Amino acid sequence: MRIGVDLGGTKIEAIGLAQEGEELLRMRVPTPTNYPGTIDAISDLVARVESQTGRTGTVGVGIPGAADPVTGLIKNANSIWLIGHALEADLSDRLSRPVRLQNDANCFALSEAVDGAAAGADIVFGAILGTGVGGGIVVHGRPLEGSQRITGEWGHNPLPWPTAREVPGPECYCGLRGCIETFVSGPGMERDHVTETGERRTTHEIASAMHAGAAAAVATYQRYVDRLARGLATVINLLDPHVVVLGGGMSNLQDLPEHVASALPPYVFTADVRTRIVKNAHGDSSGVRGAAWLWPADGG
């Protein structure tokens, strides 16, 4: 059995998968806001999954951050109580087995590459479009990790081919301006709409107004699609993935993959853009499923 754990800011979810990916059991608990409590909660979830299924399993954990490849200490985590701790080593000690740790965006991409919307594709880019913007890369069924474990962080590159009105761009929490995240996140769409119209609306309200034919909302959506296409074009030009899977709350915008695919050609360095743009298949379950798939069938 493969056990996946998704360590979120408000909940920790665990899943047990049979060898071929069949879901055996799923459970969740609130996330403690301290490090010892987090170790206890994950360990208890793994024990409960094994007790209730009558099986033992490998353990993979997705986190909102990364383990430094030199020190093994957690960095870049919005669950700040994890930062500076050797989470992988501490969980391995507590569970008396190796534990594999991976960024949650990489887990999303892995889940969709293994048995989701991009199943069977050799190179997959998973784009997270939510409160923030991130991504994960999977090559031949394995998450791609770089020397600093920041692979896939396309949201903190500048928006490509900016118009005069897009320069210098909104301030980003990373300290720079004009990052892709500030334009194509949920808050980015809302900020753009109020800047252009003076109307303060949520993304849901903008989407509803757009579907009702409101001109201002349609224009906001069209700017969003064009900016997302520009951002993804740089990923395609560099990585040339077979499939881009859209995830996060913004991926629920109706027909977004088709509209982005139609907007890509002017920005991609080829006459025939074959990259498929698709919505995720597993939704909120992608993270926890991907954590389980950190242990492939060959055990490598």
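What comes next concerns the included structure. (Residues numbered from 1 in each chain as written. Predicted model: local features only at pLDDT ≥ 70, side-chain atom pairs only at ≥ 80, totals over all residues. Heavy atoms only, no water.)

### Details of helix H3 (residues 104-115)
Given 3.6 residues per turn, any residue in an α-helix points the same way as the ones three and four places further on. Stated precisely, the cut-off is as follows: In this description a helix means any DSSP run of H or I spanning at least four residues, a strand means any run of E spanning at least two, and both kinds are numbered starting from the N terminus. To estimate how far a helix should extend, the number of its residues minus one is multiplied by 1.5 Å. Here the term buried applies to any residue with accessible area under 20% of the maximum for its type, exposed to any over 50%, and partly exposed to those in between, with areas from a 1.4 Å probe on protein chains only. Definition of a polar contact: a pair of N or O atoms within 3.5 Å, with one able to donate and the other able to accept a hydrogen when the atoms are protein atoms, and with sequence-neighbouring residues admitted only if both atoms are side-chain atoms.
End to end, H3 covers 17 Å across 12 residues, agreeing with the expected 16 Å (1.5 Å per residue, within 8%). Burial within H3 is extensive, with nine of its 12 residues counted as buried. For H3, the full list of buried residues reads Ala 105, Asn 106, Cys 107, Phe 108, Ala 109, Leu 110, Ser 111, Glu 112 and Ala 113. Two or three places before Ala 105, at the start of H3, stands the capping residue Asn 103, its side-chain oxygen 2.8 Å from that residue's backbone nitrogen.

### Re unusual backbone geometry
Note that the residue after Val 167, namely Pro 168, is joined by a cis bond; omega there is 5°. Phi is positive for Arg 149, which is not a glycine, with a value near 60°. Look at Trp 161: it is not a glycine, yet its phi comes out positive at around 45°. Within the secondary structure, Trp 161 is located in the loop between strand S10 (142-143) and helix H4 (181-184).

### Side note on the sheet that holds strand S11 (residues 243-247)
Rules: In this description, strands pair whenever DSSP reports at least two bridges between them. Between two residues, a contact is recorded if the distance between any of their heavy atoms is within 4.5 Å. Axes here refer to lines fitted to C-alpha atoms; in helices the fit is confined to the stretch in contact. Angles between the N-to-C directions go from 0 to 180 degrees.
Reading across the sheet, the five strands line up as S10-S9-S8-S11-S12 and stay open at both edges, with mixed pairing between neighbours. In this open sheet, the two edge strands, each paired with only one partner strand, are S10 and strand S12 (276-279). Note that strand S9 (residues 133-139) and S10 share two bridges and pair antiparallel. Along S10, the bridge assignment pairs Val 139 with Arg 142. Contacting strand S8 (123-129), S9 and S11, helix H7 (residues 215-239) runs over the sheet at an angle of about 150° to S8. The strands touched by helix H8 (residues 256-263) are S8, S11 and S12; relative to S12, the strand with the most contacts, the crossing angle is about 160°.

### So, the pairing of S9
For S9, the tally of buried residues reaches six of seven residues, placing the bulk of the element in the interior. Once S8 ends, the chain turns through three residues before running back antiparallel as S9. Counting the residues between successive antiparallel strands, the hairpin from S9 to S10 contains two residues, one of them, His 140, with a positive phi of roughly 50°.

### Comments concerning helix H5 (residues 186-197)
Here H5 is 12 residues long and its end C-alpha atoms lie 17 Å apart, about the 16 Å a rise of 1.5 Å per residue gives. Among the residues making up H5, those that are buried are Gly 186, Gly 188, Met 189, Asp 192, His 193 and Val 194. Those residues of H5 that are buried are in contact with H4, helix H6 (203-211) and H7. Its side-chain oxygen at 3.0 Å from the backbone nitrogen of Gly 188, Ser 185 defines the N-terminal cap of H5.

### Quick word on the sheet that holds strand S1 (residues 2-7)
Spatially, the five strands line up as an open sheet ordered S3-S2-S1-S4-S7, and their pairing is mixed. The open sheet has two edge strands with one neighbour each: strand S3 (23-30) and strand S7 (99-103). Direction aside, neighbouring strands of the sheet carry axes that sit 15° apart on average. Note: strand S4 (residues 58-63) against S7, five bridges, orientation parallel. From the neighbouring strand, Val 61 faces S7, where its bridge partner is Leu 101. Packed onto the sheet, helix H1 (residues 35-53) meets S1, strand S2 (11-17), S3 and S4 and runs at close to 150° relative to S3. Across the sheet, H3 lies against S1, S4 and S7, angled at about 100° from S7, the strand it touches most.

### Structural notes on the environment of Glu 50
Topologically, Glu 50 is positioned in helix H1. Classification of Glu 50 by relative accessible area gives buried; the value is 14%. With near-sequence residues (within four places) excluded, Glu 50 lies in contact with Met 1, Ile 3, Arg 55, Thr 56, Gly 57 and Arg 97.

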